[in-house]
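Understanding the architecture of this molecule
Below, each chain spelled out in residue letters.
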Amino acid sequence: MRRERLLVVIDGMEVGGSQRQVQHLLTGLDRRRWAPELAFFRCDSFLADAIRRDGVPVHYLPKRRRIDPAFLLAYARLLRERDYAIVHAFSLTAEWATVLARALSRRRPALVASERSFALDRPAWFWWLKRYVLGRSAAVIANSNAGARATAQRTRAPAAKFVTVANGVGVPAGLCDEERSRIRRALGVPDGRAFGLFVGRLVSVKNLPCLIRALATMPPGARPWIALAGDGPLRTVIERLATDQGVAADLAFLGERSDATELMQAADFLVLPSHFEGLSNALLESMAAGCAVIASAVGGNLELIDDQRNGLLFRPDDADALAAAMSRMADPLLRSRLAQAALRHVIEHHSQQALGAATSAVYERCLPPQDVKASGAPTRPARGEAK
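In this text the structure is predicted, and so the values were computed from the model without any measurement. (Residues numbered from 1 in each chain as written. Predicted model: local features only at pLDDT ≥ 70, side-chain atom pairs only at ≥ 80, totals over all residues. Heavy atoms only, no water.)

We now examine the overall build of the protein chain. Scanning the protein chain from terminus to terminus reveals 15 helices and 13 strands. Radius of gyration (C-alpha) of the protein chain: 22 Å, near the 21 Å computed for a compact globule of 387 residues. Viewed in the frame of its principal axes, the protein chain has a C-alpha envelope of about 70 × 40 × 35 Å. Residues classed as buried in the protein chain amount to 56% of the 387 residues present. The long-range fraction of contacts in the protein chain, counting pairs at least 24 apart against all pairs at least 6 apart in sequence, stands at 71%. Of the accessible surface of the protein chain, which amounts to about 16,700 Å², a share of 52% is contributed by carbon and sulfur atoms. (Helix = DSSP H or I, 4+ residues; strand = E, 2+ residues; numbered from the N terminus. Rg over C-alpha atoms; globule rule 2.2 N^0.38 Å. Buried < 20%, exposed > 50% of the residue type's maximum accessible area, 1.4 Å probe, protein only. Contact = heavy atoms within 4.5 Å. Areas by Shrake-Rupley, 256 points an atom, 1.4 Å probe, with all protein chains shown as cover.)

Ordered by their spatial adjacency, seven strands build an open sheet running S3-S2-S1-S4-S5-S6-S7, and the pairing between neighbours is parallel. On the outer flanks of this sheet lie strand S3 (58–60) and strand S7 (162–164), each paired with one strand and no other. This sheet shows a mean twist of 25° between the axes of neighbouring strands, independent of strand direction. The sheet contact formed by strand S2 (residues 34–42) and S3 spans three bridges and is parallel. Bridge pairing in S3 links Phe40 to Tyr60. (Pairing = 2+ DSSP bridges. Axes fitted to C-alpha atoms, helices over the stretch in contact; angles between N-to-C directions.)

The next subject is the sheet that holds strand S10 (residues 251–255). The strand order across the open sheet built from six strands is S10-S9-S8-S11-S12-S13, with neighbouring strands paired in parallel fashion. One side of each edge strand has no neighbouring strand; the edge strands of this open sheet are S10 and strand S13 (312–314). On average, each strand axis in the sheet is tilted by 25° relative to the strand beside it, whichever way the strands run. The pairing of strand S8 (residues 195–199) with strand S11 (residues 269–272) spans two bridges and is parallel.

To continue, consider the confidence of the model for the protein chain. This prediction gives the protein chain a mean pLDDT of 91; 94% of its residues lie at or above 70. Across residues 371–382, confidence stays below pLDDT 50; counting only partners more than four residues off in sequence or on other chains, it has 23 contacts. (pLDDT = per-residue confidence, 0-100.)

Right, let's get into the packing of helix H1 (residues 17–28) against helix H15 (residues 352–366). Contact geometry for H1 and H15: axes closest at 7 Å, N-to-C directions at 80°. When the axis of H1 is compared with that of H15, the two are roughly perpendicular. Contacts between H1 and H15 involve Gln21, His24, Leu25, Thr27 and Gly28 on the former and, on the latter, Gln352, Gln353, Leu355, Gly356, Thr359 and Tyr363. Here the contact of H1 with H15 is built from residues that sort into three nonpolar, eight polar and no charged. (Parallel < 35°, antiparallel > 145°, perpendicular 65-115°, else oblique. Nonpolar A, V, L, I, M, F, W, Y, C, P; charged D, E, K, R; others polar.)

Of all hydrophobic cores here, the largest spans 65 residues; its most connected members are Phe195, Leu197, Phe269, Leu270, Ile294, Leu322 and Met326. Counting 33 residues, the second-largest nonpolar core is a separate cluster that includes Leu61, Val87, Ala89 and Phe126. (Core = buried A, V, L, I, M, F, W, Y, C linked by side-chain atoms within 4.5 Å.)

What follows concerns the packing of helix H4 (residues 92–105) against helix H5 (residues 124–134). Axis separation between H4 and H5 bottoms out at 10 Å; the angle between their running directions is 45°. If you check the angle between H4 and H5, you find them oblique. Where H4 crosses over H5, the two elements pack in a sense that is left-handed. Contacts between H4 and H5 involve Leu92, Glu95, Trp96 and Val99 on the former and, on the latter, Trp125, Phe126, Trp128, Leu129, Lys130, Tyr132 and Val133. (Left-handed = near helix turned anticlockwise from the far one by under 90°.)

This part takes up the pairing of strand S4 (residues 86–89). In S4, alternate side chains face the same way, and those of Ile86 and His88 on one face and Val87 and Ala89 on the other are all buried. As paired strands, strand S1 (residues 4–12) and S4 are joined by four bridges and run parallel to one another. Of the residues in S4, the one forming a bridge with Leu6 is Ile86. Sheet topology note: the S4/strand S5 (residues 110–115) ladder contains three bridges and is parallel. If you follow Ile86 over to S5, its bridge partner there is Ala110. As for the winding sense of the linkage, the β-α-β connection from S4 through H4 to S5 is right-handed. (Right-handed = clockwise from strand over helix to strand, strands pointing away.)

This is how it looks when you write it as structure tokens:
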């Protein structure tokens, strides 16, 4: 079987959920069928380095301003020279750039668009651009049913164009008790306190003020100790709010970390108080790491967590309900039961191989008809390879 050349493109490779899914997808794709490459426009990171080490060609195309003709010409040249069969864009910026670069390059790789964040508060111009992009896309991959339905409604795109492919994740090797204790000591977790963890960008959609208010409602002796792994524009605001609410001593700001998986394995639970989510990578990775989870009952969280069975859900933006859930997580038997059920769910439904296979099936249907025999077997050699 010959391979088709595929380009996965995203605006930046900063450490975030979509970027981790790019890595999981590239790991899970069948390299006998696809010759994947990655392109991005800003923010190199250790995630991109890991993809390079895995043998995937990586193209960094600097985009220095909102409208950057030099960037578009460089992207169009890449499409022309590499002659991809499929371009899978992971953000609106990447989708829009691909539409323009395809026109400049005179190449027409099939465009697979994305819906990943289920952010219903986007401005009107976003939905206009998204509608334009989807009209020029062969398919749209959403990571949650909620996101697919909302985007189809807002853009008036045909529902048949959307395919839900749940996020994938690798299951890490377990940590021994000694290593788990070492990590907790290095972080400064107080003895006798439950250790809660947040992993993500410090941005408004994550609703960290709800977490601060929840801590403030709890008696000081019953509060968990919470570490925030991530950075973002609201860090100063959150630090100030924690001080005002009298819970600054119960929080640690770790900044951006490359060891999120180890932190999840060392923590007692992960907390995700978001206003809305697609299918959260932090939530999924924590479940894979054997860490109990608490999340707001929004978006894709409802598709991932069966409340009381493999995690705890609470009413969105309800600080009292979040405080009650964190109080329950003081019980080690409950944490263990939830974590074991969560890990089983991930192994059964969210492996990297499952992500690669489901995404590959979408790619296959987007190839031009002459690429596939009636039997469904691909017939054309990879573009740029010898026939």
